[in-house]
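Coordinate inspection notes
One-letter residues, chain by chain:
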Amino acid sequence: NNNGHVTYLPLNDIEAMKQELSKGDTCAVIIEGIQGVGGIKIPTTEFMQELRKVCTETGTILILDEIQSGYGRSGKFFAHQYNDIKPDIITVAKGIGNGFPMAGVLISPMFKPVYGQLGTTFGGNHLACSAALAVMDAIEQESLVENAAKVGNYLLEELKKFSQIKEVRGRGLMIGLEFEEPIKELRSRLIYDEHVFTGASGTNVLRLLPPLCLSMEEADEFLARFKKVI
């Protein structure tokens, strides 16, 4: 559907993507490494690789939004690394400052930065940069990306054993649990009865985005409390 200057296309639909980009009037494609608010939907490697190829052929800029799915969340530093592609622009925020307000844009060498190209009121904030560097150190020293992969895979496997869940999706510690029915009551029981705080994505998807330092013991505790409520 076309909304002013933005065309929304269905995820993983290679034909729809090729058809749209073949018109030659698309400046850029923006896609998340894993859709967050959209319900923890994962782009297929085939789709991502075709998208990269078609963007290159048509001179379209490929922008990867890794604000929620980046910074180790998926068990790799960026979620698009699962698809073995290189975007032209990557947006990062959220995890980058571990709660301290901070965001950044990574640009490919194909863009030539020139002096005065970018003006910003709050850019290069020294305190924010110190926070971001400290976060990078912690991620490295505490092997948090590897931990997200290990504990996340364990959680995904265990959650797939629950017959009450329609579908379990995710990578690393970015997990979506889709139910047949709305999850409002389930979330509220988790919070008030079991003191487990979860997110939501739409009406039927429970969203799990625990800290990357989540331990196996904490994952087991979550599973036990979740089992009680289910």
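My aim in this report is to walk through the structure given alongside it, one point at a time. For clarity, every value in this text was computed on a predicted model and none was experimentally measured.

As a further point, take helix α2 (residues 45-58). Quick reminder: α-helices carry 3.6 residues per turn. Residues three or four places apart thus point the same way. Counted at 1.5 Å a residue, the expected span for α2 with its 14 residues is 20 Å, and the 20 Å between its end C-alpha atoms agrees. On its buried face, α2 sits against α1 (14-21), β3 (28-32) and β4 (61-65). Looking one or two residues beyond α2, the residue adopting positive phi is Gly-59, at roughly 70 degrees.

With that out of the way, let us pick up the sheet that holds β4. Pairing between the strands of a sheet comes from backbone hydrogen bonds, and it takes one of two forms, parallel or antiparallel. Pairing within the open sheet is mixed, and its four strands lie in the order β3-β4-β5-β6. Each edge of the open sheet carries a strand with a single partner, namely β3 and β6 (104-107). Each strand axis lies, on average, 20 degrees off the axis of its neighbour in the sheet, ignoring direction. Where β3 and β4 come together, five bridges link them in parallel fashion. Considered in β4, the bridge of Ile-31 is made with Leu-64. Along the sheet face, α2 touches β3 and β4 and points at about 160 degrees away from the line of β3.

Let us now look at the pairing of strand β5 (residues 89-92). Burial along β5 is two-sided: the residues Ile-89 and Thr-91 and Ile-90 and Val-92 are all buried. In this sheet, β5 lies alongside β4 in parallel orientation, the contact comprising three bridges. By the bridge assignment for β5, Ile-63 is matched with Ile-89. Across four bridges, β5 lies against β6 in antiparallel orientation. Bridge pairing links Val-92 to Gly-104 in β6.

Below, the discussion takes up unusual backbone geometry. Residue Tyr-71 is not a glycine yet carries a positive backbone phi of 60 degrees. Residue placement: Tyr-71 occurs in the loop between β4 and β5. Even without being a glycine, Ser-143 presents a positive backbone phi close to 50 degrees. Considering the arrangement of structural elements, one finds Ser-143 in the loop between α3 (126-141) and α4 (144-159). Of the residues examined, Ser-143 reaches a relative accessible area of 35% and is grouped as partly exposed.

Taken as a whole, the largest pocket spans an internal volume of roughly 790 Å³. As for the largest pocket, its lining consists of 25 residues, and the residues nearest its centre are Val-6, Thr-7, Tyr-8, Leu-9 and Ile-30. Elements represented by at least two residues in the lining of the largest pocket include exactly β2 (6-7), α1, β3 and α2. The element that contributes the greatest number of residues to the lining of the largest pocket is β3, accounting for five residues. Its residues assigned to classes, the lining of the largest pocket shows 14 nonpolar, six polar and five charged. Reported here for the second largest pocket is a volume of approximately 600 Å³. Taken together, 23 residues make up the lining of the second largest pocket; nearest its centre are Gly-104, Val-105, Leu-118, Thr-120 and Gly-123. Breaking the lining of the second largest pocket down by element, the ones donating at least two residues are β5, β6 and α3. Sorting elements by how many residues they give to the lining of the second largest pocket places β6 first, with three residues. The residue makeup of the lining of the second largest pocket, split by class, is 16 nonpolar, seven polar and no charged.

Calculation criteria
- Residues numbered from 1 in each chain as written.
- Predicted model: local features only at pLDDT ≥ 70, side-chain atom pairs only at ≥ 80, totals over all residues.
- Heavy atoms only, no water.
- Helix = DSSP H or I, 4+ residues; strand = E, 2+ residues; numbered from the N terminus.
- Expected span 1.5 Å × (residues − 1).
- Contact = heavy atoms within 4.5 Å.
- Pairing = 2+ DSSP bridges.
- Axes fitted to C-alpha atoms, helices over the stretch in contact; angles between N-to-C directions.
- Buried < 20%, exposed > 50% of the residue type's maximum accessible area, 1.4 Å probe, protein only.
- 1 Å grid on protein atoms, 1.4 Å probe; cavity = no way out; pocket = protein on both sides within 12 Å on 5 of 7 lines; lining within 4 Å.
- Points joined across faces, edges and corners; volume = space filled by probe spheres on them.
- Nonpolar A, V, L, I, M, F, W, Y, C, P; charged D, E, K, R; others polar.

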